[in-house]
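Here is how the chains run, residue by residue.
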Amino acid sequence: MRVPPPAARPSLMRALILCAVLAALACTAPAFADSGTPWPVVGLLALLCLGCELVKLCPRPGSRSRVPEGIGSFFPVVLAAVFLLPPAAAALVALPGGFAQAVLQRPARVRRVWHAAQQATAAWVAGWTFALLGGPAALGASPFAGSFGAAFGGSGPPGAAGRLADFPYAMLPAAAAAAAFCLVLAALDAGILAAAEGRPARTAWRGLVTGSLAPHCVHGLAGLMMAVMWRSPYGLPAAILVLLPMYISCWVFAQYHRERAAHQATIRALVQAVDLKDRYTRGHSERVGQASAMIARELGMAEDRLEVVRIAGILHDVGKLGVPTRLLRKDGPLTPEERRVIELHPEYGHEMVRGIGFLGEARSAILHHHERVDGTGYPHGLAGEQIPVLARVVAVADAFDAMTSTRSYSRARPVPVALAELERCAGAHFDPAMVHALVGAIGRDGWHPVVTADDDVQVIPAGAGAASSSAVGRAPAAVAAAAAAPVVAAPAAAVPDPGGPGLSGLPAQGARLGVRTVDPRAGQDPDGGGGA
């Protein structure tokens with residue numbers, strides 16, 4: 001069953017789109033009133049923008065597949081227009097490419113209008129940034145007549161006689177314009193994400209800026225070279241040739257993304273294989289990845305590292321593929337020998353993924369996610385700061401989902417009860433900072449598992465989890481007993497659990513638990529014998 005993300009705010013989304021459209025109209029309107037607007041050049045650059053975007057829809061020669069994503073980006077042409085044209089005219093140039101930009105989700109028309117509006121607005125801001133920093137003068141002269149050309153000194157069509165571009169100073173206003181273009185796009189996208197997904201605008205803004213600033217600066221450099229060549233004696237043909245190396249670099253970048261997508265498809269196949277093998281924890285991997293990302297975001301980790309944390313959570317149990325299925329599905333208690341076999345699954349998982357280079361820190365999280373802060377975990381008995389940060393994140397996410405997931409043999413514990421149990425065990429079993437991060441994230445954003453195999457899904461709205469742990473900690477004994485109603489006492493294992501009976505829903509950590517959640521029919525251990 002798939003649960004929708006936090007409730008979107010459609011009225012705010014509509015208001016943002018309307019404001020963006022009105023801003024785009026205000027930015028482009030002066031071009032129609034200015035007698036100096038060079039319409040032939042505006043039309044030519046607009047056609048270039050449109051062609052650069054539509055080329056992605058054309059099949060490659062000798063193949064039925066389309067050109068990879070990344071080829072055909074029209075941003076260098078838009079930024080060249082920013083450097084060559086008045087701001088209002090540059091905003092007009094951005095419109096066709098924005099309308100033609102591919103969209104994967106509905107409503108397609110609204111999304112295209114949004115793209116066109118935000119890019120026209122960004123081009124207008126970038127144009128004024130370039131002008132105010134003396135960019136037209138640094139390129140040799142203001143290239144066009146009219147009110148804008150008069151305001152910034154000079155006139156004449158591209159390629160008119162004039163002094164050469166002033167390098168390296170010309171790169172300063174160009175870089176500032178490219179940065180302004182990027183910041184406006186990021187600000188508008190952050191606003192729409194905050195409205196559509198309930199994400200904090202600050203977090204969305206930071207992730208968008210850090211991921212797109214460098215590429216936009218590269219696009220700005222290509223656009224500057226295009227503008228310089230256009231104004232040179234070689235004119236338009238030389239300017240268009242500047243796009244060729246840019247497209248080659250885009251092709252290389254697209255190949256990188258295709259390779260990364262292949263890695264992620266491999267990851268997905270591994271997770272599906274684990275889910276098929278261990279039917280009691282189906283959907284568990286995806287939810288652990290989601291909870292791990294929430295913790296990492298609350299800790300302020302960078303967006304690229306946050307993705308690694310999420311993948312580590314998804315793959316944390318991949319080593320179960322090396323564990324005999326009869327042990328994972330065994331009804332009844334495990335023998336010490338069987339327990340030792342299952343406790344090898346972190347090492348199996350580490351060996352399976354060690355050749356996937358882009359995983360980076362995720363490999364150590366897969367290996368050490370069953371370590372305990374007090375040093376009694378496995379496989380290496382690490383303690384405290386010896387345990388990698390990502391492994392401490394995944395350990396908390398893993399335990400949280402093990403307690404809050406409905407299995408075939410037990411009902412899920414309420415999220416507040418699970419958070420209270422995590423806090424009780426912080427400092428001995430878990431890193432307190434990771435526990436507090438999860439409690440804070442769920443208290444603010446709620447818990448909305450997007451991938452699950454459970455019929456009885458726990459969805460906690462934003463704000464509902466804030467009082468989770470403290471309220472449960474003060475709850476009467478009757479409430480706690482009711483929350484634990486599905487838990488059936490089992491005989492204590494040969495080795496008592498250091499964490500006490502309160503950890504009955506958590507993954508096994510080196511020793512079987514003194515009180516276990518069992519199937520009333522068969523006395524099965526909650527983790528299929530192996531822990532979550």
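Model, not experiment: these values are computed from the prediction. (Residues numbered from 1 in each chain as written. Predicted model: local features only at pLDDT ≥ 70, side-chain atom pairs only at ≥ 80, totals over all residues. Heavy atoms only, no water.)

Turning our attention to the packing of aromatic side chains. Under the definition given, this model contains five aromatic pairs. An angle of 45° between the planes, with centres 4.7 Å apart, marks the rings of Phe 83 and Phe 130 as tilted. Of this pair, Phe 83 sits in helix H3 (residues 75–84) while Phe 130 sits in helix H5 (residues 108–132); the two residues are 47 residues apart in sequence, bridging distant segments of the chain. Overall, Phe 130 belongs to the buried group, its relative accessible area being 2%. (Phe/Tyr/Trp six-rings, centres within 6.5 Å; stacked < 30°, edge-to-face > 60°. Helix = DSSP H or I, 4+ residues; strand = E, 2+ residues; numbered from the N terminus. Buried < 20%, exposed > 50% of the residue type's maximum accessible area, 1.4 Å probe, protein only.)

Our next topic: helix H4 (residues 87–100). H4 sits mainly inside the fold: eleven of its 14 residues count as buried. Within H4 the residues assigned to the buried category are Pro 87, Ala 88, Ala 89, Ala 90, Ala 91, Leu 92, Val 93, Ala 94, Gly 97, Gly 98 and Ala 100.

Mapping Cys 27 onto the fold places it in helix H1 (residues 10–33). Cys 27 gets classed as buried once you look at its relative accessible area, which sits at 6%. Every residue in contact with Cys 27, bar those within four places of it in the chain, is listed here: Ala 88, Ala 91, Thr 121 and Trp 124. (Contact = heavy atoms within 4.5 Å.)

A few words now on the nonpolar core. In terms of nonpolar packing, the biggest core is built from 50 residues, with Leu 315, Phe 400 and Leu 422 touching the most fellow members. Of all elements in the fold, only helix H11 (243–277), helix H12 (284–298), helix H13 (303–315), helix H17 (362–368), helix H18 (389–404), helix H19 (415–425) and helix H20 (432–445) reach the threshold of two or more residues within this core. With nine residues, the single largest contributor to this core is H18. The residues touching Phe 400, leaving out its near neighbours within four places in the chain, are Val 415, Ala 418, Leu 419, Leu 422, Leu 438, Ile 442 and Trp 447. Counting 42 residues, the second largest nonpolar core, distinct from the first, contains Cys 52, Val 82, Phe 83 and Phe 130. (Core = buried A, V, L, I, M, F, W, Y, C linked by side-chain atoms within 4.5 Å.)

Moving on, we come to the packing of H19 against H20. Close contact between H19 and H20 brings their axes to 9 Å; oriented N to C, the two are set at 155°. Classified by the angle their axes make, H19 and H20 are roughly antiparallel. In this structure, H19 crosses over H20, and the sense of that crossing is left-handed. Every residue of H20 that contacts H19 at Val 415, Leu 419, Leu 422 and Glu 423 is listed here: Val 435, His 436, Leu 438, Val 439 and Ile 442. Here the contact of H19 with H20 is composed, by residue class, of seven nonpolar, one polar and one charged. (Axes fitted to C-alpha atoms, helices over the stretch in contact; angles between N-to-C directions. Parallel < 35°, antiparallel > 145°, perpendicular 65-115°, else oblique. Left-handed = near helix turned anticlockwise from the far one by under 90°. Nonpolar A, V, L, I, M, F, W, Y, C, P; charged D, E, K, R; others polar.)

Buried within helix H16 (residues 345–353) we find His 345, Pro 346, Gly 349, His 350 and Val 353. Take H16 and look down its axis: the buried residues cluster within an arc of 140°, on one side only. Where the residues of H16 are buried, they touch H13, helix H15 (336–342) and H17. (Arc of directions from axis to C-beta.)

So, about a nonpolar patch on the surface. Taken together, the side chains of Phe 167, Met 171, Leu 221 and Met 225 make up a nonpolar region of the molecular surface, amounting to roughly 330 Å² of accessible area. Tracing the sequence through the fold places Leu 221 in helix H9 (residues 201–231). Look at Leu 221 and you get partly exposed, because its relative accessible area is 42%. (Patch = residues over 30% accessible without salt bridge, like charges linked within 9 Å, V, L, I, M, F, W, Y side chains within 5 Å. Areas by Shrake-Rupley, 256 points an atom, 1.4 Å probe, with all protein chains shown as cover. Salt bridge = Lys/Arg side-chain N within 4 Å of Asp/Glu carboxyl O.)

Turning our attention to the pattern of salt bridges. All told, the structure shown has twelve salt bridges when counted by the stated rule. The residue Arg 354 makes a salt bridge to Glu 351 at a minimum N-O spacing of 2.9 Å. Note that Asp 431 and Arg 392 form a salt bridge whose closest N and O atoms lie 2.6 Å from each other. With Asp 431 in the loop between H19 and H20 and Arg 392 in helix H18, this pair connects stretches of sequence that are 39 residues apart. Like Arg 392, Asp 431 is buried. Several salt bridges share partner residues, and in doing so they unite Glu 298, Arg 444 and Asp 445 into one network.

Below, the discussion takes up the packing of H12 against H20. The interhelical angle for the contact between H12 and H20, taken along N-to-C directions, is 100°, at an axis separation of 8 Å. By the angle class used here, H12 and H20 are roughly perpendicular. Contacts between H12 and H20 involve Ala 291, Met 294, Ile 295 and Glu 298 from the first element and Met 434, Ala 437, Leu 438, Gly 440, Ala 441, Ile 442 and Arg 444 from the second. Of the residues contributing to the contact of H12 with H20, the split by class is eight nonpolar, one polar and two charged.

Position of Glu 53 among the secondary structure elements: in helix H2 (residues 39–54). Expressed as a C-alpha distance, the spacing of Glu 53 and Ala 100, which sit 47 residues apart in the sequence, is 6.5 Å.

Here Val 389 is to be found in helix H18. Sequence separation of Val 389 and His 368 is 21 residues, and the distance between their C-alpha atoms is 9.8 Å. Excluding anything up to four places from it in sequence, Val 389 contacts Met 301, Arg 305 and Met 434.

The share of residues in the protein chain with pLDDT of 70 or more is 67%, and the mean pLDDT across the chain is 73. Looking over the protein chain, one finds the lowest element-wise mean pLDDT in helix H22 (residues 477–483), namely 33, and the highest in H18, namely 92. In this model residues 61–72 is a low-confidence stretch, pLDDT under 50, and it forms 32 contacts with partners more than four residues away in sequence or in other chains. Considering only residues more than four positions removed or in separate chains, one finds that residues 465–532, a stretch of pLDDT under 50, has 160 contacts. (pLDDT = per-residue confidence, 0-100.)

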